[in-house]
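Observations on the three-dimensional arrangement
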Amino acid sequence: MASSGEEPRSGSPCRAGTGTQPPPTADGAQLDAAEDFEVLEEEEDEDLSELPPLEAVGRPPAPPRGDTHPPGTGEAAEDPQEWLDVLGSGLLKKKTLVPGQGVDTRPHKGQDVTVRLRAALEDGTVVEENPALTFTLGDCDVLQALDLCVQLLEMGETALIVSDAKYCYGAQGRSPDIPPNAALTLEVELLAAQDTPDLEMLSGKEKIELANRKRERGNFFYQQADYVLAINSYDIALKIISSSSKVDFSPDEEAELLDVKVKCLNNLAASQLKLDHYEAALKSCNLVLEHQPGNIKALFRKGKVLAQQGEYREAIPILKAALKLEPSNKTIHAELSKLVKKHADQKNVETEMYRKMLGNPSAAGTPGKCKDKLPWSIPWKWLFGATAIALGGVALSVVIAARN
């Protein structure tokens, strides 16, 4: 298990609502050469301003019962009264196919729910089938479309969900079966709902597995450029790791929990940097360095945060420390060179500003002229003063003599 903290990997940690994990890949000892030590190349940040919070989803009465056969997507326009516009934007709709056991049986956020899922593209191509998918409702463990709509299902209800790509796999899609910007039709049946296990009673292995699932979901959102949801998943993982326990863990389990914590904090800092949350990213980096003072990624990101805040004098030694740990790293070399130049420019600007504030003359011109005049100016001033004193003395003597 690597101690330096894991970067968000490419690819989804679970398929369209399956919750299954990808084949494990070993954390590479060699850091990636991208700007943020990321596997994924830089992408433009996605506008998440319209992303609805899960808490905003209400619990309206169940919609009128419609046909018992899944309609095509065009039927939504023909029978609008049978469809519930979940978010009020027309991008996420739900229709009941088989009635459930009543509104009181709807699951609540934070519960573990089990559903039967069938997902298809608009042309009817089935891309996912799972007879018993279990996930924590509201934790964004699955597609947003599923997470939002299952809150509105009654126990035993079967519903059809038509979702825009925004709440599925977005502009990136899912290779090879879901193209970019693909809308999905989900047929979902709510099978069970129960409270989540008490974190205090989880064994070390169970706690590690649960925290890793949340962390990998955060990695998925990071790859999708959904940095807000990535932060949410990493925060949940960290809460699981930091929760108190009534079960004794072995030294190996304690070490592995610490390793998962460091990975989450490192990835959390990367997400916070993407959103320009510099103070939060600095805090995450410092937490990593408390456990692992030689963590290269945390040192690098801390240096970047300080540089973004204009603290070049503090950032340069931190990047030098990271470079000392891995002298061949080109990313650190480039960042350090850039900061040294910026720091030099900053010092020149400050020097010029102070010179103007204090009114110091320029290096050329005035100082030289003053220096040239100095040997002559002092004797003439002295001679003038001496002459004035002498004349004053003579005048005083004449006045005194006249009076006598």
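All chains use their own residue numbering, which begins from 1 and follows the written sequence. Two thresholds apply to this predicted model, a pLDDT of at least 70 for residue-level local features and 80 or more for giving and counting side-chain atom pairs, whereas whole-chain, interface and lining totals are computed over all residues. Calculated side-chain values reflect all of the structure's heavy atoms, with hydrogen atoms and water omitted.

The secondary structure content of the protein amounts to 10 helices and six strands. The buried share of the protein, taken over its 404 residues, is 43%. Residues count as neighbours in contact if any of their non-hydrogen atoms are within 4.5 Å of one another. Taking contacts inside the protein between residues at least 6 apart in sequence as the whole, the part at least 24 apart equals 70%. When the accessible surface of the protein is totalled, it reaches about 21,500 Å², and 57% of it is carbon and sulfur. Secondary structure follows DSSP: runs of H or I at least 4 residues long count as helices, runs of E at least 2 residues long count as strands, and numbering of each begins at the N terminus. For every residue, the accessible area obtained with a 1.4 Å probe (protein chains only) is divided by the maximum for its type, and the residue is called buried under 20%, exposed over 50%, and partly exposed between those limits. The Shrake-Rupley method, run with a 1.4 Å probe, gives the accessible areas here. Residue values count only the displayed protein chains as cover.

With that settled, consider helix α5 (residues 251–274). Here α5 spans 35 Å end to end across 24 residues, near enough to the 34 Å set by a 1.5 Å rise per residue. Just downstream of α5 lies Asp276, where phi reads positive at about 60°. What a helix should span is 1.5 Å times the count of its residues minus one.

Here we come to a nonpolar patch on the surface. A grouping of Met353, Met357 and Leu358 is seen on the molecular surface, where their side chains present a nonpolar patch of about 360 Å² in accessible area. Following the sequence through the fold, Leu358 ends up in helix α9 (residues 330–358). Accessibility expressed as a relative area gives 66% for Leu358, which makes it exposed. Note that patches include only residues with greater than 30% relative accessible area and no salt bridge, and the join distances are 9 Å for like charges and 5 Å for nonpolar side chains (Val, Leu, Ile, Met, Phe, Trp, Tyr). Salt bridge, as used here, is a side-chain nitrogen of Lys or Arg placed within 4 Å of a carboxyl oxygen of Asp or Glu.

This brings us to the pattern of salt bridges. Applying the stated rule across the entire model yields 13 salt bridges. Salt-bridge contacts for Glu82 lead to Lys95; the nearest nitrogen and oxygen are separated by 2.7 Å. In this pair, Glu82 sits in the loop between α1 (75–78) and β1 (84–85) while Lys95 sits in strand β2 (residues 92–98), placing the two residues 13 residues apart along the sequence. A salt bridge links Arg118 to Glu129, with the shortest nitrogen-to-oxygen separation between them at 3.9 Å. Taken together, the residues Arg118 in strand β3 (residues 111–121) and Glu129 in strand β4 (residues 126–136) connect sequence positions 11 residues apart. Overall, Arg118 belongs to the partly exposed group, its relative accessible area being 33%. Linked through salt bridges whose partners overlap, the residues forming this network are Arg116, Glu187 and Glu189.

Let us look at the UniProt feature "repeat: TPR" (unreviewed entry) in the protein. UniProt positions are given in the numbering used here, feature names are shortened, and annotations may be inferred rather than shown by experiment. The UniProt record marks residues 296–329 with the feature "repeat: TPR" (unreviewed entry), using the residue numbering of this structure. Taken as a whole, residues 296–329 contains 79% helix and 0% strand, while its terminal C-alpha atoms sit 10 Å from one another.

What follows covers the packing of aromatic side chains. Here is the rule: rings of Phe, Tyr and Trp (six-membered ring for Trp) pair when centre to centre is within 6.5 Å. Planes less than 30 degrees apart are stacked, more than 60 are edge-to-face, and the remainder are tilted. Tallied over the full model, the rule gives three aromatic pairs. Plain terms: the ring middles of Tyr169 and Phe220 are 6.1 Å apart, the flat faces sit at 75° to each other, and that makes the pair edge-to-face. Residue Tyr169 is located in the loop between β5 (158–163) and β6 (184–195), and its partner Phe220 is located in helix α3 (residues 204–223); the two are separated by 51 residues in the primary sequence. The exposure class of Tyr169 is buried, given its relative accessible area of 3%. An aromatic cluster is defined as three or more aromatic residues linked by ring pairs; in this entry it consists of Tyr169, Phe220 and Phe221.

To continue, consider the nonpolar core. Buried Ala, Val, Leu, Ile, Met, Phe, Trp, Tyr and Cys residues that are joined via side-chain atoms within 4.5 Å together make up what is termed a nonpolar core. In this structure, Leu92, Phe135, Leu146, Val150, Leu184, Leu186 and Val188 are the most contacted members of the largest nonpolar core, which totals 82 residues. Ranked by residue count, the leading element in this core is helix α4 (residues 227–242), at 10 residues. With residues near it in sequence (within four places) discarded, Leu186 still touches Leu117, Arg118, Ala119, Ala145, Leu146, Ala159, Leu160 and Ile161.

Let us now look at the pairing of β2. Within β2, five of the seven residues are buried, leaving the element largely enclosed by the surrounding structure. Here β1 hands over to β2 after six residues, with Gly88 in that stretch at a positive phi of 80°. Two strands qualify as a pair provided DSSP detects at least 2 bridges between them.

For the rest of this paragraph, the subject is the side chain of Asp139. With respect to the helices and strands, the residue Asp139 is situated in the loop between β4 and α2 (144–150). Only 3.0 Å separates the side chain of Asp139 from the side chain of Lys214, close enough to count as a polar contact. Any pair of nitrogen or oxygen atoms within 3.5 Å is treated as a polar contact; in protein, a donor-acceptor pairing is required on top of that, and neighbouring residues in sequence qualify only through side-chain atoms on both sides.

Turning our eyes to something else, we now look at the confidence of the model for the protein. Scored by pLDDT, the protein has a mean of 78; 66% of the residues are at 70 or more. Long-range and interchain partners of residues 10–78, a stretch whose pLDDT sits below 50, account for 154 contacts in this model, where long-range means more than four residues apart. In the model, residues 363–377 has pLDDT below 50 throughout and makes three contacts with residues more than four positions away in sequence or in other chains. Confidence of the predictor in every single residue is expressed as pLDDT, which spans 0 to 100.

Bringing the sheet that holds β1 into the picture now. Taken in spatial order, the six strands of this open sheet run β1-β2-β5-β6-β3-β4, and their pairing is antiparallel. The two strands at the open ends of the sheet, each matched to only one other strand, are β1 and β4. Here β3 runs beside β4; their pairing, made up of eight bridges, is antiparallel. Residue Thr114 lies in a different strand from β4, and its bridge partner there is Thr134.

Take the packing of α4 against α5 next. To define axes, lines are fitted to C-alpha atoms, for helices over the stretch in contact only, and angles between the resulting N-to-C directions are given on a 0 to 180 degree scale. Look at α4 against α5: their axes get within 9 Å of each other, and the N-to-C directions meet at 155°. With respect to each other, α4 and α5 are oriented roughly antiparallel. Here α4 and α5 pass one another in a crossing that is left-handed. Judged by residue contacts, Tyr227, Ala230, Ile231, Tyr234, Asp235, Ala237, Leu238 and Ile241 of α4 engage Leu257, Val260, Lys261, Cys264, Leu265, Asn267, Leu268, Ser271, Gln272 and Lys274 from α5. In terms of residue class, the contact of α4 with α5 is built from 12 nonpolar, three polar and three charged. Orientation labels follow simple angle bins: below 35 degrees gives roughly parallel, above 145 gives roughly antiparallel, 65 to 115 gives roughly perpendicular, and whatever is left gives oblique. Each helix crossing is assigned a hand: it is left-handed if the near helix lies turned anticlockwise from the far helix by less than a right angle, otherwise right-handed if that turn is clockwise. Each residue is assigned to one of three groups, with Ala, Val, Leu, Ile, Met, Phe, Trp, Tyr, Cys and Pro labelled nonpolar, Asp, Glu, Lys and Arg labelled charged, and all others, Gly among them, labelled polar.

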